[in-house]
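Reading the structure
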Amino acid sequence: MAPLLPRMQVFEIADQEWFPQFLRTHMQAALTAAWTTHIPLLQSSSPARIVARLLSHHLGPSIHNYTFIDFCAGAGGPTPSIEKHLNASISTSPPSYAKAATAPPPVQFILTDLHPHPALWSAAASASPNLSYVSSSVDASSVPQHLINDQKQKGKKVFRLFNLAFHHFDDTLARKILRNTLETSDGFGIFELQDRSLSGFLACCLFGLGAMVMAPYYAFLWGAPLALVWTYLVPALPAVLVFDGWMSSLRTRTVGEVKDLMGSCGLGEGEIRKWEVRSGTERFIPGVGYVNWIIVTRKGSQE
């Protein structure tokens, strides 16, 4: 989708320290629902399932060689759902291993964040043996070497996930994160539900409307009746969801802008040439809902 406006490093309300934590928790839950919900009459698939399919398609049979580490997991986000869909899909259709004596083990996922949420992650990890987490703080621009070495000792490559996250970083921090990624990992994926196109801004409005329609269901599901107060009586939740969605759209980078950051992150041109960049959009709601994706892998890593 063609950008309507230049990228702007604007602020989001929910990122501010003064924003109430209980409202931030509801917003994070709403964003997770946006990633994982599939309404058959409206959506072709959930965004999380689309990401799982993209990873499976672009990494191919070598996907079993990777461990996927979410470096901006927040409260959990879509990664637990991506793990479920990905392992379900490769366990039911493994043509490359059809003649193998034993099927390869499930793909492993790890949750990390600069501000970890071990209590929430523990609940998610307890539901899947293929999902784990790091309870200490992990800086995506300076990842602890032991986290990478642990995977190498297991014979695994590291693939970093940035789900609805990379747009938060300003250019300086984004370059540091990309340099650290290129120096220590074998691939990374940037997945966003918004962009700077007209449909991206309209999708944010639809998200706010959807939050109001679905609020009673999720208030019951979460056991949080006060969410109804902040949705209808004082509509802070839908208002902030829409406003922050617009700000996220303005902050979201095109694949060309990500390539420019890779080229200026401090590594030599020869090193950058070792990487293959693929990108695209996948529709999940006709006209407005798209997963915007960038998948970058080290050349030859899929062999």
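Residues numbered from 1 in each chain as written. Predicted model: local features only at pLDDT ≥ 70, side-chain atom pairs only at ≥ 80, totals over all residues. Heavy atoms only, no water.

By the naming in an unreviewed UniProt entry, the chain goes by Methyltransferase and is assigned to Podospora pseudocomata.

Our focus in this paragraph is the environment of Trp-293. Position of Trp-293 relative to the elements: it lies in strand 7 (residues 289-298). Its relative accessible area of 7% is what places Trp-293 among the buried residues. Setting aside chain neighbours within four positions, we find Trp-293 in contact with Leu-54, His-58, Ile-190, Phe-191, Arg-278, Ser-279, Gly-280, Thr-281 and Glu-282. (Helix = DSSP H or I, 4+ residues; strand = E, 2+ residues; numbered from the N terminus. Buried < 20%, exposed > 50% of the residue type's maximum accessible area, 1.4 Å probe, protein only. Contact = heavy atoms within 4.5 Å.)

Turning next to the side chain of Thr-67. One can find Thr-67 in strand 1 (residues 66-70). Accessibility expressed as a relative area gives 2% for Thr-67, which makes it buried. Apart from residues no more than four positions distant in its own chain, Thr-67 is found in contact with Gln-108, Ile-110, Gln-151, Lys-156, Lys-157, Val-158 and Phe-159.

We now examine the pairing of strand 1. Side chains on a regular strand alternate between the two faces of the sheet. For strand 1, the buried fraction is high: 5 of the 5 residues fall into the buried class. Residues Tyr-66, Phe-68 and Asp-70 of strand 1 are buried on one face, and the alternating residues Thr-67 and Ile-69, pointing to the opposite face, are buried as well. The pairing of strand 1 with strand 4 (residues 157-163) spans 5 bridges and is parallel. Within strand 4, the position partnered with Tyr-66 by the bridge is Lys-157. In this sheet, strand 2 (residues 108-111) lies alongside strand 1 in parallel orientation, the contact comprising 4 bridges. (Pairing = 2+ DSSP bridges.)

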